[in-house]
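Structural overview
Residues per chain, in single letters:
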Amino acid sequence: MRGTRWTGLTGLLVLTVVTGCTGTGAESTELPARAVSLPAEVRGLGPAVLAVPVADDRRTDLVGLLAVERFGDDLAGQQLARRHAEVAFGDPRYPTVARGLGDDRRDALLVDGRLREITLPDHVFARRATGVGDTLTVTASRCLAVTGDGTITQPAVESSCTIARGGVVWRDRSEDRYGAIDLATGAASRAIALPSHPIAASPDGRYLAALTTDRPRQLVIADTRTGRTEPTVTVSGTDVPGVFTKDGFAVLHRVGNVRTISLVTPDKDVRTLLTPVGEVAFAPDGRRALVIDTRSGTGRIAVLDLQTGTVTPVVDGGADRSGTQLPPVTGAVTATASGDTALVVELAAGPDTGLRAPRPSRTWSVRLSTATATSHPNTPEAAAVRVLEHDAPPANATAVTALSFRPDGTTLTLSPDGTVTSAPPTATPRATLGHGAVLHTLTDDNGNERADRLLVTDASGNRTEVPTGAGPDQRVDTVLLTPDTEHLLISLRATRGGQKPGNLDAVVIVRRDGTGKPVTIYQGAILASLGITPTDSPQ
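Now for a description of the structure that goes with this document.

**Some thoughts on the overall build of the chain**
When helices and strands are counted, the chain shows one helix and 45 strands. Expected size for 539 residues packed as a compact globule is a radius of gyration near 24 Å; at 24 Å, the chain falls within 12% of this value. On the principal axes, the C-alpha backbone points of the chain span a range of 75 × 55 × 45 Å. By the burial criterion, 54% of the 539 residues in the chain qualify as buried. Within the chain, counting contacts between residues at least 6 apart in sequence, those at least 24 apart form 48% of the total. Working note: accessible area of the chain is about 22600 Å², and carbon and sulfur atoms make up 46% of it.

**A closer look at the sheet that holds strand β13 (residues 159–164)**
Strand order in this open sheet of three strands is β13-β14-β15, and the pairing throughout is antiparallel. The two strands at the open ends of the sheet, each matched to only one other strand, are β13 and β15 (177–181). Taking each pair of neighbouring strands and ignoring which way they run, the sheet shows an average axis angle of 30°. Where β13 and strand β14 (residues 167–172) come together, six bridges link them in antiparallel fashion. Bridge pairing in β14 links Ala164 to Gly167.

**Remarks on the sheet that holds strand β45 (residues 526–532)**
Pairing within the open sheet is antiparallel, and its three strands lie in the order β4-β3-β45. Since the sheet does not close on itself, it has two edges, and those belong to β4 (63–68) and β45, each with one partner. Each adjacent strand pair in this sheet contributes to an overall mean axis angle of 15°, direction not counted. Bridge count between strand β3 (residues 45–53) and β4: six bridges; the pairing is antiparallel. Within the sheet, the bridge partner assigned to Leu50 lies in β4 and is Leu66.

**Overview of the environment of Thr372**
On the secondary structure map, Thr372 appears in strand β32 (residues 372–375). Sequence-wise, Thr372 and Leu211 are 161 residues apart; in three dimensions their C-alpha atoms are separated by 35 Å. Setting aside chain neighbours within four positions, we find Thr372 in contact with Val314, Val315, Gly317, Gly318, Ala319, Arg321, Ser365, Val366 and Arg367. A polar contact is formed between the side chain of Thr372 and the side chain of Thr370, at a distance of 2.6 Å.

**Regarding the packing of aromatic side chains**
By the definition in use, this model includes three aromatic pairs. Ring centres 5.3 Å apart and planes at 90° place the aromatic pair Phe71 and Tyr522 in the edge-to-face group. Pair noted here: Phe71 is in the loop between β4 and β5 (85–87) and Tyr522 is in strand β44 (residues 519–523), with a separation of 451 residues, a long-range link. The residues Phe71 and Tyr522 share a single accessibility class, namely buried. Residues Phe244 and Phe249 carry aromatic rings whose centres are separated by 4.9 Å and whose planes lie at 70° to one another, so their mutual orientation is edge-to-face. Summarising the burial analysis for this pair, Phe244 and Phe249 share the class buried.

**Notes on unusual backbone geometry**
Following Arg215, the chain continues to Pro216 via a peptide bond in cis, the omega torsion being -5°. Position of Pro216 among the secondary structure elements: in the loop between β17 (207–211) and β18 (218–223). Geometrically, the link from Thr275 to Pro276 is a cis peptide bond, its omega value of -5° lying close to zero. Tracing the chain through its elements places Pro276 in the loop between β23 (270–274) and β24 (277–282). Residue Ala371 is not a glycine yet carries a positive backbone phi of 55°. Tracing the sequence through the fold places Ala371 in the loop between β31 (361–367) and β32. The residue Thr485 is not glycine, and still its phi comes out positive at about 65°. Tracing the backbone through its elements, the reader meets Thr485 in the loop between β41 (474–481) and β42 (487–494).

**Remarks on the state of the cysteines**
Evaluated as defined, the whole model comprises one disulfide. Between the sulfur of Cys143 and that of Cys161 lies a disulfide, 1.9 Å long from S to S. Disulfide Cys143-Cys161: torsion about the S-S bond near -70°, hence left-handed. Residue Cys143 is located in the loop between β10 (136–139) and β11 (145–147), and its partner Cys161 is located in strand β13; the two are separated by 18 residues in the primary sequence. A single burial state applies to Cys143 and to Cys161, both of which are buried.

**Overview of the pattern of salt bridges**
Enumeration over the complete set of coordinates arrives at 27 salt bridges. The closest approach of N and O atoms between Asp176 and Arg171, which form a salt bridge, is 3.1 Å. Glu230 is the salt-bridge partner of Arg228, the closest N and O atoms lying 3.3 Å from each other.

What counts, and at which threshold
- Residues numbered from 1 in each chain as written.
- Predicted model: local features only at pLDDT ≥ 70, side-chain atom pairs only at ≥ 80, totals over all residues.
- Heavy atoms only, no water.
- Helix = DSSP H or I, 4+ residues; strand = E, 2+ residues; numbered from the N terminus.
- Rg over C-alpha atoms; globule rule 2.2 N^0.38 Å.
- Buried < 20%, exposed > 50% of the residue type's maximum accessible area, 1.4 Å probe, protein only.
- Contact = heavy atoms within 4.5 Å.
- Areas by Shrake-Rupley, 256 points an atom, 1.4 Å probe, with all protein chains shown as cover.
- Pairing = 2+ DSSP bridges.
- Axes fitted to C-alpha atoms, helices over the stretch in contact; angles between N-to-C directions.
- Polar contact = N/O pair within 3.5 Å; in protein donor to acceptor, adjacent residues only side chain to side chain.
- Phe/Tyr/Trp six-rings, centres within 6.5 Å; stacked < 30°, edge-to-face > 60°.
- Disulfide = S-S within 2.5 Å.
- Salt bridge = Lys/Arg side-chain N within 4 Å of Asp/Glu carboxyl O.

Read these as layout, nothing more, since geometry by itself doesn't imply function.
The following block contains the structure:
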């Protein structure tokens, strides 16, 4: 799978970049087709499964599957592996499924560019899939959890799956109960009654966090194994900062008027980890949090161990912690975390005039495991800094978080590997591509997202616009960095249209450095599954 075949492979994102549609939609009877051979310098792409239109005298909506031994192989003379299928499209590096329809009822597992026959449960939909771990995918309506070894879990016939903080929640719509998915195995927990839709799930699928609906709201921690659901601490609002840890749920709340981080358990045990505290950014893995420690009356940037409660002041320099402690913060602090790193911005304190005038900023990236910081100079002045929300799958290595400087609009991105990049106001971060690169969409003068160009930024400060080859009736669907790290593989789809591939669906290659023109490899096809080969192997 991805982690063993190409550990550097990150960077596929499902986008919703929409441009205007001219209404063209004539289907070519010669589709699908390979337009040109794969350029020789593109290395590391292995077997692939393509969804293609199928010619039929009786109907025009058939979608078939073609399997090629290597991405870029000619399609002439290739025999259909499936003649009529409903495909759960998503990240082609993750496992997914195809449901057999009509005269060809054979279901299929698609993984690593290969197609394997399986039998899906009855009454399922296979339309869109989301990769949530190295070898796990979930579908949404009538949820399925699919693993790379072919294990298929259907929590319930009338179930839906949604991404939650830390995990995946499934809902039994017939009984309005909730469970979770084990991200390691794909197994579904039992469903239990909760007062509201869960705000978080533990990675093993055992525990859920939800809020009561009566005021004052309370945090409910539920154990799906025992069915126990207990209200714990009182919280404010519905956007409650917190994360599941090894021992419970770490939550930021108020005790009286004092901001406090507590660890709560399904047994209603509440253990104070830190109080008082300022800004907090919880690491997604639930081990640590970046905090502003205000116990001494002065704000200090520190790292809180969410298991032991140990608070470690952050120093500048390397992992040996030979540097000096960061100076106290006196202004407004905003922080976000990804992987083992937090990104922290302080805006200088200004006169209390009631005006939100831009102020100088100081920025650090903090390695949480060592509590060491790297300064990022020359960040812009800002009246405010806010965290850009990103609905990333819980264990997805392509997830990127960001801080936006207002009103300037400049964005700093943080990838799970600790890479920090800067992007202009016209760019919206979407995913890390790995190797220090981050993918962004761009907007035009009217604020509409463009499909014809993407932006790639890196830690060296480079900002490279990359053409996609998309026309006015096309959108960018998926983007990934090839194993040779020099090219982007882009899937284009029609802005209007259903599951069936048409003449506006294409898979193109373009150089990452923005030079040259995009090269269409396949026309009238959708990349459904892709395998990776070592880049030093013969091609």
